Amino acid sequence: MIAIIDYDAGNIKSVEKALQYLGCEAEITRDKDVIMNADHVILPGVGAFGDAMKKIRDYDLETVIKDYVATGKPFLGICLGLQLLFKESEESPGVIGLDLIPGKIKRIPDAEGLKIPQIGWNSLEIMPDKKLFKGVKQGSFVYFVHSYYLECDNEADVAATTFYSTKIHASVEHENIFACQFHPEKSSEAGLTILKNFISL
């Protein structure tokens, strides 16, 4: 069973529908026992870094997330869920994130002809031998909605990059933690392959 963590951050139903389409049993929950007993956990979300961390703490989910990650079972962050895995974001100065992977969340720099937030499809440069991207073609297009991006401290953690005004670390793999800045559940065949790969871990 896959637990989808519910902290009132939106975009949860589309993740559930994608998993159901793939034939997976998925449960949207904030129940500690359900999360801890799940085979896989997904932290989705859209919205602001500071608001999201407040809700995670209000619902007493921070410890649950860290306890689950400590089990070594697969954990996936999507969009805002990726950003929350890091210590801090320029979006919400002074707010401490989950701090599970070293890196920073920064605002996409302004550039002539580019709109921020980035809303739309962009191609990926996929790093070799990354588990999430098995069978995904180099240069595949995926769907992004974001104003902030990840700059990972360790290149070895980077699974895929893209370019939008600046080089963006679009996906990471760090031990049993996986994350995508883009939305695999809205990224057609490539996205479904990424979700299938996660489920099979």
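Here, every reference points to the structure presented above.
Residues numbered from 1 in each chain as written. Predicted model: local features only at pLDDT ≥ 70, side-chain atom pairs only at ≥ 80, totals over all residues. Heavy atoms only, no water.

Caption draft 1: Fine view of unusual backbone geometry. With an omega dihedral of 10°, the bond running from Ile116 to Pro117 counts as a cis peptide bond. Summarising the element assignment, Pro117 is placed in the loop between β5 (103-107) and β6 (118-123). Even without a glycine there, the phi angle at Cys79 is positive, about 60°. One non-glycine residue with positive phi stands out, namely Ser188, at about 55°. Along the polypeptide, Ser188 turns up in helix α6 (residues 188-199). (Helix = DSSP H or I, 4+ residues; strand = E, 2+ residues; numbered from the N terminus.)

Caption draft 2: Summary view of the packing of aromatic side chains. Taken as a whole and assessed by the stated rule, the structure comprises five aromatic pairs. Note on Phe133 and Phe182: the rings are 6.5 Å apart at their centroids and 55° apart in plane angle, and the pair reads as tilted. Taken together, the residues Phe133 in the loop between β7 (125-126) and β8 (141-146) and Phe182 in the loop between β12 (177-180) and α6 connect sequence positions 49 residues apart. Residue Phe133 is classed as buried on the basis of its relative accessible area of 4%. Accessibility expressed as a relative area gives 0% for Phe182, which makes it buried. Both rings, one in Phe178 and one in Phe198, keep their centres 6.3 Å apart while their planes meet at 70°; by these two values the pair is edge-to-face. One end of the pair, Phe178, is in strand β12; the other, Phe198, is in helix α6, with 20 residues separating them in the sequence. Classification of Phe198 as buried rests on a relative accessible area of 0%. Pairwise contacts between aromatic rings join Phe133, Phe144 and Phe182 into one cluster. One residue, Arg30, lies across the ring of Tyr59, its end atom 3.8 Å from the ring centre. (Phe/Tyr/Trp six-rings, centres within 6.5 Å; stacked < 30°, edge-to-face > 60°. Buried < 20%, exposed > 50% of the residue type's maximum accessible area, 1.4 Å probe, protein only. Lys NZ or Arg CZ within 6 Å of the ring centre and 35° of its normal.)

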